[in-house]
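Structural overview for review
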Amino acid sequence: MKTMIPILTTRAGKLYQGDCLEMLAQIDPETVDLAFADPPFNLGKEYASKIDDALAEEHYLAWCESWLLEMVRVLKPGGTLMLWSLPKWNLPLGAFLRKRLTFRHWIAVDIKYSLPISGRLYPSHYSLLYYIKGTKPAIFHPDRLPIACCRHCGGELKDYGGYKNKMNPSGVNISDVWTDIPPVRHAKYKKRDANALSLKLMDRIVSMSTDPGSLVLDPFGGSGTTYVAAELAGRRWIGSELECSSIIERFDSLEADREHIEEIWAQKNRLFTDADLKRRAKSGRPLSQDYRIEDPKETETNACLCDAVARE
Ligand SMILES: C[S@@+](CC[C@H](N)C(=O)[O-])C[C@H]1O[C@@H](n2cnc3c(N)ncnc32)[C@H](O)[C@@H]1O
């Protein structure tokens, strides 16, 4: 097989223009810490790379299995494999992976991805499958999230089972339902590919399963969100894409992404976001430094009273 030459080499990563199976074949076994994939979903969409996105179901699944096998091969023992897809595809692909890796989570990421169709439920979550090679993850440091607060009064939207006085000052344990991932519609990123994932999502995945210097693999580059998240967090990365121009353009000026990821870092692993702290200060609620309230009666008064308005 012909050796591929990277079309882009950065401080931390290498991007190959071409078929992912060719790029994957060049990676040594058991060298990758995090293998992430966000493949085309076979929904008949048009891609800049002009791929056929309307394959027969068996053909599509067989293709997915071929690159998943390669991802499993290159994963280190204890390494993480995450697959972003529609529930429809992650159900059979999850069963395929389960024979080779250890299942950890089906993470539901609450983003509406299609219009309501009569006679069906409104599709409102993507599936993020999380597997590891072997029985124990080599790296696992999930982000902690700020407490969910009312955007009117800053009061807590949940009562945390009356254990507020035991809240970790670094924030709330993350669950397997993620409701805080915004759709990619930021003014700064208007011209970006409609398939681009949010930088917040990719930062969360990269921080959870890698350390500085770890190697991140993504065979489906798209607009390069995985690579940007890895590069800016000091991880090494390797990837492929059939049509690389938007990734190259993105890496030509990383300033907007750098600013964006710094905002993301500033708002995680803490009890309250800056915006919620402002609202809480205005409505006289306890702030981060004096949040561990011992008196349960006092705790009750912190809950949001806006109720229905707050939950809109
Ligand atoms: C859903 S997009 C990925 C989006 C990416 N996660 C992002 O945040 O921008 C899937 C990408 O896979 C690319 N692709 C499809 N088939 C491929 C193949 N065989 N090898 C490499 N890339 C491929 C498509 O061109 C498309 O850009």
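These numbers come from a predicted model, not from an experiment.

A word on the packing of aromatic side chains. Here the structure, examined in full by the defined rule, presents 11 aromatic pairs. The interplanar angle of 75 degrees and the centroid separation of 4.9 Å between the aromatic rings of Trp67 and Phe220 together place this pair among those described as edge-to-face. Placement of the pair is Trp67 in helix α2 (residues 57-74) and Phe220 in the loop between β10 (215-218) and α5 (225-232), with a sequence separation of 153 residues. As far as the burial class goes, Trp67 and Phe220 line up, both buried. Note on Tyr227 and Trp237: the rings are 4.5 Å apart at their centroids and 10 degrees apart in plane angle, and the pair reads as stacked.

Here we come to the sheet that holds strand β6 (residues 125-132). If you walk across this open sheet you meet the 9 strands as β1-β2-β11-β10-β3-β4-β6-β5-β9, and the pairing is mixed. One side of each edge strand has no neighbouring strand; the edge strands of this open sheet are β1 (8-9) and β9 (177-178). Summarising the sheet, strand β4 (residues 75-85) and β6 pair through 6 bridges and their orientation is antiparallel. For Ser85, the partnering residue across the bridge sits in β6 and is Ser127. Across the sheet, helix α4 (residues 199-209) is in contact with β3 (32-37), β4, β5 (102-110), β6 and β9; its angle to β3 comes to roughly 155 degrees. α5 contacts β2 (13-17), β3, β10 and β11 (236-241) of the sheet and is inclined by roughly 165 degrees relative to β11.

Not every one of the 22 residues close to the ligand is listed here, only the nearest: Asp38, Ser49, Ser223, Thr225 and Glu241. At 2.8 Å from an oxygen atom of the ligand is found a main-chain nitrogen or oxygen belonging to Leu197. Within the backbone of Ser223, an N or O atom sits 2.7 Å from an oxygen atom of the ligand. Of the residues assigned to the shell around the ligand, the class counts are 11 nonpolar, 8 polar and 3 charged.

The subject of this paragraph is the confidence of the model for the protein chain. Averaged over every residue, the pLDDT of the protein chain is 89; the share at 70 or more is 87%. Low pLDDT, under 50, characterises residues 308-312; the stretch is placed with 7 contacts to residues that sit more than four places away or in other chains.

As a rule of thumb, soluble globular proteins bury nonpolar side chains together. Ranked by size, the top nonpolar core spans 71 residues in total, and within it Trp67, Leu81, Trp84, Trp178 and Leu217 carry the most contacts. Per-element accounting of this core gives the leading share, 8 residues, to α2. What Leu217 contacts, discounting residues up to four positions off in sequence, is Met23, Leu24, Ile27, Val32, Leu34, Ala35, Phe36, Met71, Val74 and Ile238. In terms of nonpolar packing, the next biggest core, distinct from the first, is built from 6 residues, Ile147, Val172, Leu271 and Phe272 among them.

Each value, and the rule that gives it
Numbering of residues starts from 1 in each chain and follows the order in which that chain's sequence is written. Local features are withheld for residues below a pLDDT of 70 in this predicted model, meaning they are given only at 70 or higher, and side-chain atom pairs are given and counted only at 80 or more; totals for whole chains, interfaces and linings count all residues. Side-chain measures here rest on the full set of heavy atoms in the structure, leaving out hydrogens and waters. For this analysis, a ring pair means two rings from Phe, Tyr or Trp (six-membered ring only for Trp) whose centres lie within 6.5 Å, classed as stacked if their planes differ by under 30 degrees, edge-to-face if by over 60, and tilted for the remaining angles. Secondary structure counts use DSSP, requiring at least four H or I residues in a row for a helix and at least two E residues in a row for a strand, with both numbered from the N terminus. Summary of the burial criterion: residues with accessible area below 20% of their type's maximum are buried, those above 50% are exposed, and those between are partly exposed, where the area comes from a 1.4 Å probe applied to protein chains only. At least two bridges found by DSSP between two strands is the condition for calling them paired. A contact between two residues is defined here by any heavy atoms of the two lying within 4.5 Å. Axis definition: a line fit to C-alpha positions, over the contact stretch in the case of helices; interaxial angles, taken between N-to-C directions, run 0 to 180 degrees. Any residue with a heavy atom lying within 4 Å of a molecule or strand is counted as near it. Each polar contact in these results corresponds to two N or O atoms within 3.5 Å; when the atoms are within protein, one needs to be able to donate a hydrogen and the other to accept it, and residues that are neighboring in sequence are counted only if both atoms are side-chain atoms. Under the scheme applied, nonpolar residues are Ala, Val, Leu, Ile, Met, Phe, Trp, Tyr, Cys and Pro; charged residues are Asp, Glu, Lys and Arg; polar residues are all the others, including Gly. Per residue, pLDDT captures the predictor's confidence, and it can take any value from 0 to 100. Note on terminology: a nonpolar core comprises buried Ala, Val, Leu, Ile, Met, Phe, Trp, Tyr and Cys residues joined through side-chain atoms within 4.5 Å.

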